[in-house]
Amino acid sequence: MSDFDNNRPVTVRFAPSPTGRIHIGNVRTALYNWLFAKKYDGQFVLRFDDTDKARSKTEFADAIAEDLAWLGINPDVVAWQSKRFDAYDEAAEKLKAAGLLYPCYESGEELDRRRKLRLARRLPPVYDRDALRLTAQDRETLEKEGRQPHWRFLLPNFADTPFDTRRTEIHWDDVVRGPQTVDLASMSDPVLIREDGTYLYTLPSVVDDIEMGVSHVIRGDDHVTNTGAQISLFHALGSTAPSFGHHNLLTTISGEGLSKRSNALSIGSLHAEGFEPMAVNSLAVLIGTSHSVEAMVSMAALLEVFTPDFASRSAAKFDPAELTNLNSNLVHALDFEAVAHRLQAMGIGSDGAEAFWLAVRKNTGFVKDAKRWWDIIENGPEAGEPLDGDDLAFVREAFSQLPAEPWDDTTWSTWTNLVKAQSGRKGRALFMPLRIALTGLRSGPELADLLPLIGRAKTLDRQP
């Protein structure tokens, strides 16, 4: 990882738009920032990019905050961009006064046509700054025709005239990717203000980063090419740019980008399905890195292995099966105290609940799966696995040899030794029919652990 000024307090931000539920790809960015802040004793800011008043919803912001809290991400500061328009207006006026924010009147169709013409002439498809040639009279005429301007930031990629651009390199030492270079001459002047007067994210983001003292901007690598323009905007507003870091993105297993429009991989849906938060955190951080993907038991454990520069350059494919495997590994290791309240919520009584959990946890992929085994213990075997012929006769005889109570973890071996001596059966032929009679299933927890939980009376009720 690149060095940075240790005298500058670390402040990072996660800035979601509250226009939908966040997904595991968004959480990758949130976790990179949160872990970075914790690693360097810094601050984590949750900043809602809610300047799009039509699409931003309070319920989505609330859901994002709840999802982050479930994952164990607790912000030090919460901010709302919709409350800061005065600051953005002031910055825009400063740029206009300096001649660095200029009005443009081309429609989307006109811009698209110009791009195609430049491509046909084998020229870079960048904006030609034709709006800078307009006189005050030209602009007045266009506005009388009903055209409203959008406003572009004039990139510092020229010497004497903005129509004669030259290679202008912006360099930064990326905290994830190492040394990076962007040529401003290869870019169009970015639009900062739309025709309707609303702001695109760039200007509010830079203004907030300056005023909130953001020291590091860590985000997905789809923003790498934007960074040169944003560094220039920091400088234009009289500020030093923060350090930048760009991690690789998550895609679906087929290589498609993740989207808020699909709720399938949203954090809310993963929570509702019963995934453990550390399964989500482990995969979101470790996939697509030099570290093996494994189930980390806590944020502290994840922090021990985290370093932002362990992300690879290529996109990481998110496989839901891998998340399920991580979840199983975590659940199998959960002690009773970690799940007691959830077991109680499922109606699993306090008497014997700890012994029950320790007996069944290795056979659950989710904590909620324990309810199935509780129902088998309390209500009898599941239907579906028949016993017939010799197996049926064998089980009936075996049940007649059940030991007397009290029962403990030795009862199963005592019983099966008696049955083995009487029947001559051993191995699978001995154990499988008894398992089916007791549980209705061919696999499951150790019967030595289940039998005392079932008890003698409920066992006799299962005699076929």
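Everything that follows concerns the structure shown earlier in this document.
None of these values were measured; they are calculated from a predicted model. (Residues numbered from 1 in each chain as written. Predicted model: local features only at pLDDT ≥ 70, side-chain atom pairs only at ≥ 80, totals over all residues. Heavy atoms only, no water.)

K.L.:
Describe the overall build of the protein, listing the residues and the values that go with them.
P.N.:
A tally of helices and strands in the protein yields 18 helices and 12 strands. Relative to the globule expectation of 23 Å for 464 residues, the C-alpha radius of gyration of the protein, 31 Å, shows a markedly less compact shape. Once the C-alpha set of the protein is aligned to its principal axes, its extents read approximately 105 × 50 × 40 Å. Across the 464 residues in the protein, those meeting the buried criterion constitute 48%. Considering only intrachain contacts with a sequence separation of at least 6, the fraction spanning at least 24 residues in the protein is 75%. Taken together, the 52 basic and 66 acidic charged side chains of the protein have centroids lying 5 Å from each other. (Helix = DSSP H or I, 4+ residues; strand = E, 2+ residues; numbered from the N terminus. Rg over C-alpha atoms; globule rule 2.2 N^0.38 Å. Buried < 20%, exposed > 50% of the residue type's maximum accessible area, 1.4 Å probe, protein only. Contact = heavy atoms within 4.5 Å. Lys, Arg positive; Asp, Glu negative; His and termini not counted. Charge placed at Lys NZ, Arg CZ, Asp CG, Glu CD.)

K.L.:
An account of the packing of aromatic side chains is needed here, citing residue identities and associated values.
P.N.:
Scanning the entire structure with this criterion turns up 13 aromatic pairs. With a centroid separation of 5.3 Å and an interplanar angle of 85 degrees, the aromatic rings of Y32 and F306 are classed as edge-to-face. With Y32 in helix 1 (residues 24–39) and F306 in the loop between helix 10 (299–305) and strand 12 (316–317), this residue pair connects regions lying 274 residues apart in the sequence. Residue F306 is classed as buried on the basis of its relative accessible area of 1%. Ring geometry for W412 versus F431: centroids 6.0 Å apart, planes at 35 degrees, classification tilted. Separated by 19 residues along the polypeptide, W412 in helix 16 (residues 411–423) and F431 in helix 17 (residues 428–439) bring together distant segments of the chain. (Phe/Tyr/Trp six-rings, centres within 6.5 Å; stacked < 30°, edge-to-face > 60°.)

K.L.:
Any chance you could break down unusual backbone geometry for me, citing the residues and the numbers?
P.N.:
That bond from E405 to P406 is cis: its omega, 10 degrees, falls within 30 degrees of zero. If you trace the backbone, P406 turns up in the loop between helix 15 (389–399) and helix 16. Positive phi, close to 55 degrees, is recorded for D41, a residue that is not glycine. In this fold, D41 is placed in the loop between helix 1 and strand 2 (43–48).

K.L.:
Give a detailed account of the sheet that holds strand 2, specifying residues and quantitative values.
P.N.:
Pairing in this open sheet of 3 strands is parallel, and the strands run 1-2-3 from one edge to the other. Each having just a single partner strand, strand 1 (11–14) and strand 3 (77–80) make up the two edges of the open sheet. Ignoring which end each strand starts from, the neighbouring axes of this sheet average 25 degrees apart. Here strand 1 runs beside strand 2; their pairing, made up of 4 bridges, is parallel. Counted as the bridge partner of T11 is Q43 from strand 2. (Pairing = 2+ DSSP bridges. Axes fitted to C-alpha atoms, helices over the stretch in contact; angles between N-to-C directions.)

K.L.:
Describe in detail the packing of helix 12 (residues 336–345) against helix 13 (residues 353–360), supporting the description with residues and values.
P.N.:
Interaxial distance between helix 12 and helix 13 falls to 10 Å at its minimum, and their mutual angle equals 110 degrees. Considered as vectors, helix 12 and helix 13 are oriented roughly perpendicular to each other. Seen from helix 12, the contacting residues are F336, E337, V339 and L343; seen from helix 13, they are A353, E354 and W357. (Parallel < 35°, antiparallel > 145°, perpendicular 65-115°, else oblique.)

Structural measurements only, silent on function.
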